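Overview (structure and organization)
Next come the chains, spelled out residue by residue.
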Amino acid sequence: MTILILTGMLVLVGVLVLYVLELGRSRRLLLKAGNAKKALRSSEELFRSIMQNVHAFILLIDRNFIVSRTNYYDITKAHRPEGRLARVGDLLRCNNALSAVGGCGTHELCKDCPIRNKIEETFQNKSSFTDLEAVLNIRDRRGDVAECETYVSGEYMTIDDKEGMVITVHDITRLKRAEGELLKAREKAENADRSKSAFLANMSHEIRTPLNAIVGFSELLASAGTEEEKTQFLEIVHSNNDMLQQLIADILDLSKIEAGTLEFTFSEVDVNQLMSDMEQLSRMRLGEKAAVIQVIRETPPEDCILYTDRNRLMQVIANFMTNAVKFTDEGSITLGYKACADGLYFYVKDTGGGIPADKVGHIFERFVRVEQHKKGTGLGLSICEMIVRKLGGKIGVESEYGKGSTFWFTLPLNGQTTRKQGTEIEGKTNL
Ligand code: ADP
């Protein structure tokens, strides 16, 4: 009997121990399950925040290109349509997909779509691809279509035994634009650098030529035998002196422009009087050409007073006139001005050689010279362009090669507006 009781108690204890052990195990399992749930929840949260914050569209697609999950609506804040399953092109608003009744994949151009072809190939190879560069024509909500440059990547996978793919679409339009602008800026800087080196080489040559002539003919002047010889040598010295002065003035103007210290002195300018002075100056500059070139002045009869920088205005017209005289062999040079929508329109028209069509667009750039055999620095027009711009106007040229050119610029009537933009120093302005 005692044995029986003892055995019974032992069994009871054993059952109790087993029960406690089982209880512990289930508790541990419950804890594990709880932890796993927690971990799942946090990884889902992490996944969601990545999807919402990443700078790319992420699309989970099936074998028919249908998007089952995406962050597209989170990023674009576009309305998520109920129940309708979109294909890749429909979702991204590809213009071809939206133009076809059947949507993405049914437009005749879809067979040439690089993204579709790459995805198809990746499904077949069960592989992946990265950074496929493709241009998409995207239609916005207003119906406007714009080119969008993208990097597309894809990774094949199976989910619940079904084939699928994760697609990442990066919009790199802005990046590409910035890259293009950077390249342009670099090219411009390199060109400027090359031009400067060429300018320096050119300058030393250009300065040496008149300087040598001045030095050489001054020495010859001392030993000139006749009055005629003296006059001839003096003329050469004078003309080279003028050239040297112009060259140095151009270089100084250019360096002031670069440093932003070119001064403008504003006053009331009688435009008709100024044009008359310019006409006289042009006649003087014609020299021997006076016999074959007529100078015509076209100015309105009524007085016109302009508040501007007289010297800079004269500098621009004089540059146009000097060029017109230089590049015209016969015919006429007309200088004038008239009222226009922007204020006043000044022009110098010649019947000279004109400028080839492919050069016209570059003629206001520094150091550009079409006729290399003619004297010049290639700086005058770029200085004119900058002066006119600072005075608030526009500048341009119309030219027909072999027939002549019209160089023009406009100035606003209210020079005051421009004046206020600079810093005034005792009536002078550094614009
Ligand atoms: P420069 O005359 O000292 O060379 P500019 O900047 O004034 O410098 O002119 C640049 C170039 O533009 C000239 O070398 C010439 O090839 C061209 N050009 C300017 N004006 C005329 C014109 N009226 N007719 C033809 N070509 C012109």
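Residues numbered from 1 in each chain as written. Predicted model: local features only at pLDDT ≥ 70, side-chain atom pairs only at ≥ 80, totals over all residues. Heavy atoms only, no water.

An unreviewed UniProt entry annotates the chain as histidine kinase of Bacteroides oleiciplenus YIT 12058. Reading the Subcellular location (unreviewed entry) entry of the UniProt record for the chain gives the comment "Membrane". Per UniProt, the comment on the chain under Catalytic activity (unreviewed entry) is "ATP + protein L-histidine = ADP + protein N-phospho-L-histidine." (UniProt positions renumbered as here; feature names shortened; annotations may be inferred.)

A word on the overall build of the chain
Secondary structure summary: the chain contains 12 helices and 15 strands in total. The C-alpha radius of gyration of the chain comes to 41 Å, more than 25% above the 22 Å expected for a compact globule of 431 residues. For the chain, the spread of C-alpha atoms along the principal axes amounts to about 165 × 55 × 45 Å. Residues counted as buried form 35% of the 431 residues belonging to the chain. (Helix = DSSP H or I, 4+ residues; strand = E, 2+ residues; numbered from the N terminus. Rg over C-alpha atoms; globule rule 2.2 N^0.38 Å. Buried < 20%, exposed > 50% of the residue type's maximum accessible area, 1.4 Å probe, protein only.)

With respect to the pattern of salt bridges
Inspection of every chain in the model, using the stated rule, returns 21 salt bridges. With its nearest N and O atoms 3.8 Å apart, the salt bridge here joins Glu-179 to Lys-176. With Glu-179 and Lys-176 both in helix α6 (residues 173-222) and 3 residues apart, this pair spans about one turn of that helix. Close ionic contact of Arg-389 with Glu-385 constitutes a salt bridge, the shortest N to O distance being 3.4 Å. In this pair, Arg-389 and Glu-385 are both assigned in helix α11 (residues 380-390), 4 residues apart and thus about one turn of the helix distant. A single network of salt bridges, built from pairs that share partners, joins Arg-63, Glu-120, Lys-126 and Glu-163. (Salt bridge = Lys/Arg side-chain N within 4 Å of Asp/Glu carboxyl O.)

Concerning the packing of aromatic side chains
Enumeration over the complete set of coordinates arrives at 13 aromatic pairs. When the ring of Phe-266 is compared with that of Tyr-307, the centres are 5.9 Å apart and the planes differ by 20 degrees; the resulting orientation is stacked. Taken as a pair, Phe-266 in the loop between β6 (263-265) and β7 (267-270) and Tyr-307 in strand β9 (residues 305-308) lie far apart in primary sequence, 41 residues in all. A residue is classified by how much of its surface remains accessible, and Tyr-307, at 17% relative accessible area, is buried. Relative to Phe-407, the ring of Phe-364 has its centre 6.2 Å away and its plane inclined at 70 degrees; by these criteria the two rings are edge-to-face. Of the two residues, Phe-364 is situated in the loop between α10 (357-360) and α11 and Phe-407 in strand β13 (residues 404-411); the sequence distance between them amounts to 43 residues. Classification of Phe-364 by relative accessible area gives buried; the value is 17%. Counting every residue linked through ring pairs, the aromatic cluster contains Phe-320, Tyr-337, Phe-346, Phe-364, Phe-407 and Phe-409. The ring of Phe-65 is capped by Arg-116, whose NZ or CZ atom sits 4.2 Å from the centre of that ring. In this structure, Arg-312 packs its charged tip against the face of Phe-264, placed 5.9 Å from the ring centre. (Phe/Tyr/Trp six-rings, centres within 6.5 Å; stacked < 30°, edge-to-face > 60°. Lys NZ or Arg CZ within 6 Å of the ring centre and 35° of its normal.)

Examining the nonpolar core
Ranked by internal contacts, the top residues of the largest apolar core, which has 49 residues, are Ile-317, Phe-320, Phe-346 and Phe-409. Counting residues per element, this core draws most heavily on helix α9 (residues 310-327), at 8 residues. If you count residues domain by domain, this core takes at least three from each of domain 2 (183-261) and domain 3 (264-431). When neighbours within four sequence positions are excluded, Ile-317 is seen to be in contact with Leu-274, Met-275, Met-278, Leu-335, Phe-346, Val-348 and Phe-409. If you look at the next biggest cluster of nonpolar residues, it comprises 24 residues, including Phe-57, Leu-91, Ile-115 and Ile-119. (Core = buried A, V, L, I, M, F, W, Y, C linked by side-chain atoms within 4.5 Å. Domains from an automatic or database assignment. Contact = heavy atoms within 4.5 Å.)

What about a nonpolar patch on the surface?
On the surface, a cluster of nonpolar side chains totalling about 390 Å² of accessible area is made up of Val-13, Val-17, Leu-18 and Leu-21. Structurally, the position occupied by Val-17 is in helix α1 (residues 2-53). For Val-17, a relative accessible area of 44% puts it in the partly exposed group. (Patch = residues over 30% accessible without salt bridge, like charges linked within 9 Å, V, L, I, M, F, W, Y side chains within 5 Å. Areas by Shrake-Rupley, 256 points an atom, 1.4 Å probe, with all protein chains shown as cover.)

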